[in-house]
Amino acid sequence: MDFKYDVIVIGGGHAGCEAATAAANMGAKTCLITMDMNKIGQMSCNPAVGGIAKGQIVREIDALGGEMAKVTDATAIQFRMLNCGKGPAVWSPRAQCDRGRYIWKWRETLDHTPNLDIWQDQADVLLVKNGEAVGVKTIWGAEFHAKSVVVTAGTFLNGLMHIGRHQYPGGRCAEPAVLHFSDSISQWGIRVARMKTGTPVRIDKRSVHFEDMEEQPGETGFHQFSYMGGHRELRQLPCWTCYTNAEVHETLRSGLADSPLFNGQIQSTGPRYCPSIETKLVTFPDKDKHPLFLEPEGENTNEMYLNGFSSSMPMDIQLAAIHKIPALRDAKIYRPGYAIEYDYFDPTQLSHSLESKVLKGLFLAGQVNGTTGYEEAGGQGTVAGINAAIHCGGDGYFVMRRDESYIGVLIDDLTTKGVDEPYRMFTSRAEYRILLRQDDADARLTEKSYQLGLAKKDRYDWWMEKKEAINHLLNYCDNTSVKPKEINDALDKIGTTPLRMGCKVSDLIGRPQISISSLSEFLPELKEIIESLPNRKEEIVEATEIKIKYKGYIEREKIVADKMHRLEDIKIKGRFKYDELHEISTEGRQKLERIDPETLAQASRIPGVSPSDINVLLILLGR
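Residues numbered from 1 in each chain as written. Predicted model: local features only at pLDDT ≥ 70, side-chain atom pairs only at ≥ 80, totals over all residues. Heavy atoms only, no water.

**Q** I keep staring at the overall build of the protein chain and nothing clicks. Help me out?
**A** Looking only at helices and strands, one finds 21 helices and 22 strands in the protein chain. Its C-alpha radius of gyration of 26 Å places the protein chain within 12% of the 25 Å reference for a compact globule of 623 residues. Dimensions of the protein chain along its principal axes, counting C-alpha atoms only, are 80 × 70 × 55 Å. Put simply, the protein chain has 623 residues, and 58% of those count as buried. Surface accessibility of the protein chain: about 25,800 Å² in total, with carbon and sulfur atoms responsible for 50%. (Helix = DSSP H or I, 4+ residues; strand = E, 2+ residues; numbered from the N terminus. Rg over C-alpha atoms; globule rule 2.2 N^0.38 Å. Buried < 20%, exposed > 50% of the residue type's maximum accessible area, 1.4 Å probe, protein only. Areas by Shrake-Rupley, 256 points an atom, 1.4 Å probe, with all protein chains shown as cover.)

Here it is in structure tokens:
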């Protein structure tokens, strides 16, 4: 075999799969190196995709021409649109998936991707020549050479698992750790540190008393992740909810002395927004109960995931505490929860393309950058794969702005602010939420991706069809007038104030009580337009309605974003010797020297760089 490629991707998780397919679909000869071809796209923790802001990232991956959304839709066993009681800026899709089918759907996707090879092995040494990553050597002695190397090793780099006082090297339950590869990267001046994450017990559903739990059904409507794939092919299953209680807490507290989180065994930082059950007890000592969610792992398996009960407590303590929950009093478990520590690399040493500032041609994506979550990994993998392919022969890089995508917010936060705990995306991290809705990801990204060569013609054609349909419906609503005598009886039935004078249809739709669908029952021409729409009629109507109802908010946020673009256009990298700028604060000098921002806008987002520091830089630029 010829082990020379354009792009090598290390790791077959969510970041690696997206990176490999993105690079290959852009025409780069690509090889994905993974330790186990039968666990490609493995869901190490909860078999669910999406959630608050995470669902928007998956939509964006789909709009770019990535695969996660299609794989999720094909393997979903429950779908929900979260936050529907709030404004559309924070609506977030989430799907529970069949873990086994998810793996094999990803494997099928990779197997049918042109330009992509798979090699089952473990990367051991990063090959570097003249300050540039040029390949990897594996534990079996195979040497792979490439123009770009993408590292997406997840939690495997020096991974160490913990259950009580027991420790064992591993990257995931029953899978070995990668022990040398991290050192071969950090020896070149790339800063490395440690983080921690964890997972809960898995429960046999045959031992659960579901009569003591509350059923949580999924959504049966039109929503899904991908605009391209089929609509929920698998049997849809419910999730279940219950709570911990005082007895559970008392049992857990009795084992805190043996908890690796509190006895000094684990020194690294865990995820703030997905804490272990023992951390919840210590952080919130006054709470007498915490919610738990029992979620299926597949369509035809008895294995269930106890969401909210992540733990690294001793095995007997975990089981004794679970048995204090009425619905789980007879629970049998498949395996206990555990914590895992692993290496990550300082993301402030990356450019926005996710290429290392230290080693040219080296790209990093996923948990190795200090993030947590399949979706954050997939978004980074897509960007790293695109830029790795561009690096092989093109000019420039593909970078997304903060007002353009949640992926852009994620990468800017990582590279500008760094991390001191596992990074998780939330809608609150984005200052332009109304511009980054889950319904308009394709409007923001598909045409750009098509120009890059990642989104293919079928994806582009579908978006152009949808775009034309939205504009047709918008034009009708904006340019069609209705008179009081024509519509007031209908408005009375809908339960909204009648008209005193004529107005445009879009003015009526702007009312909170009125939707396009409800109004179409009284306006035959509007109903005819809706019925003539192409595929995904409901999505087109929803997207149009959001544009109408939130028009003022959208336009105002665009004005704010445009002002920030002026700072984004001011390039400052390489123009200052920050350690010599005594006009700015000491902290500002130190942070600017360390991060070396590309633009003035990025500099303004660095913690510790004050507005007065930015004004000084502006004045000096003027000189």
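From this point, the narrative continues.
**Q** Whenever I open this one, the packing of aromatic side chains confuses me. Can you help?
**A** What describes a pair of aromatic rings is the distance from one ring centre to the other and the angle between the planes of the rings. A complete count under the given rule lists twelve aromatic pairs for this structure. Plain terms: the ring middles of Phe210 and Trp240 are 4.8 Å apart, the flat faces sit at 50 degrees to each other, and that makes the pair tilted. Of the two residues, Phe210 sits in the loop between strand 13 (202-204) and strand 14 (214-216) while Trp240 sits in strand 15 (residues 239-243), which places them 30 residues apart along the sequence. Judged by its relative accessible area of 16%, Trp240 is buried. Relative to Tyr460, the ring of Tyr450 has its centre 4.0 Å away and its plane inclined at 10 degrees; by these criteria the two rings are stacked. (Phe/Tyr/Trp six-rings, centres within 6.5 Å; stacked < 30°, edge-to-face > 60°.)

**Q** When you look at the pairing of strand 19 (residues 338-345) in this model, what are you seeing that I'm missing?
**A** Working note: regular strand, side chains alternate between the two faces of the sheet. The buried fraction of strand 19 is high, at eight of eight residues. The alternating pattern of strand 19 places Tyr338, Ile340, Tyr342 and Tyr344 and Ala339, Glu341, Asp343 and Phe345 on opposite faces, both of which are buried. With three bridges connecting them, strand 10 (residues 160-163) and strand 19 associate as antiparallel partners. Its bridge partner being in strand 19, Met161 is matched across the sheet by Ile340. Bridge analysis of strand 12 (residues 192-199) against strand 19 gives eight bridges, and the strand direction is antiparallel. Residue pairing for strand 19: Lys196 is matched across the bridge by Glu341. (Pairing = 2+ DSSP bridges.)

**Q** Looking at this model, I keep getting lost on the environment of His209. Mind explaining?
**A** Residue position: His209 is located in the loop between strand 13 and strand 14. Not counting residues within four places of it along the chain, the set of residues in contact with His209 comprises Pro326, Ala327, Arg329 and Asp330. (Contact = heavy atoms within 4.5 Å.)

**Q** Honestly, the packing of helix 6 (residues 246-253) against helix 8 (residues 315-322) in this entry has me stumped. Any pointers?
**A** Packed helix pairs are specified by the crossing angle of their axes together with the interaxial distance, meaning the distance between the axes. The interhelical angle for the contact between helix 6 and helix 8, taken along N-to-C directions, is 170 degrees, at an axis separation of 8 Å. Taken together, the axes of helix 6 and helix 8 are roughly antiparallel relative to one another. Between helix 6 and helix 8, the residues in contact are Val248, Thr251 and Leu252 and Ile317, Ala320 and Ala321, respectively. Of the residues contributing to the contact of helix 6 with helix 8, the split by class is five nonpolar, one polar and no charged. (Axes fitted to C-alpha atoms, helices over the stretch in contact; angles between N-to-C directions. Parallel < 35°, antiparallel > 145°, perpendicular 65-115°, else oblique. Nonpolar A, V, L, I, M, F, W, Y, C, P; charged D, E, K, R; others polar.)

**Q** I would appreciate a short explanation of the pattern of salt bridges in the present structure.
**A** Two side chains bearing opposite charge may form a pair once their charged atoms approach each other closely. Inspection of the entire model under this criterion finds 40 salt bridges. Asp204 is the partner of Arg206 in a salt bridge, and the nearest nitrogen-oxygen pair spans 2.7 Å. Overall, Arg206 belongs to the exposed group, its relative accessible area being 62%. You can call Asp204 buried: its relative accessible area is 9%. Overlapping salt bridges, with partners in common, bring together Arg402, Asp412, Asp413, Lys417, Glu431, Glu568 and Arg605 in one network. (Salt bridge = Lys/Arg side-chain N within 4 Å of Asp/Glu carboxyl O.)

**Q** Can you help me understand the pairing of strand 15 in this one?
**A** In terms of residue burial, strand 15 counts as a mostly covered element, since four of its five residues are buried. Sheet topology places strand 14 next to strand 15; three bridges connect them, and they run antiparallel. The residue bridging Gln216 from the neighbouring strand is Cys239, located in strand 15. Pairing of strand 15 with strand 16 (residues 291-296) involves four bridges; the strand directions are antiparallel.

**Q** Sorry, what's going on with the sheet that holds strand 5 (residues 92-97) here?
**A** In a beta sheet, neighbouring strands are held together by backbone hydrogen bonds and run either parallel or antiparallel to one another. Taken in spatial order, the three strands line up as 3-5-4 in an open sheet, and their pairing is antiparallel. Taken across any chain shown, the strands that pair with only one partner, and hence form the sheet edges, are strand 3 (48-50) and strand 4 (76-82). Neighbour-to-neighbour, the strand axes of the sheet open up by a mean angle of 15 degrees, direction not taken into account. Running at roughly 85 degrees to strand 5, helix 2 (residues 54-64) makes contact with strand 3, strand 4 and strand 5 of the sheet. With respect to the sheet, helix 3 (residues 68-75) is in contact with strand 3, strand 4 and strand 5, its orientation differing from that of strand 4 by roughly 115 degrees.

**Q** Can you help me understand the layout of surface pockets in this one?
**A** Unoccupied space between atoms shows up once a probe the size of one water molecule is rolled over them. Approximately 660 Å³ is the volume found for the second largest pocket. Contributing to the lining of the second largest pocket are 28 residues, with Arg437, Asp440, Lys547, Ile554 and Lys558 lying nearest its centre. Take the lining of the second largest pocket: its biggest share by element is seven residues, from helix 12 (residues 457-479). A breakdown of the residues in the lining of the second largest pocket according to their chemical character gives ten nonpolar, two polar and 16 charged. (1 Å grid on protein atoms, 1.4 Å probe; cavity = no way out; pocket = protein on both sides within 12 Å on 5 of 7 lines; lining within 4 Å. Points joined across faces, edges and corners; volume = space filled by probe spheres on them.)

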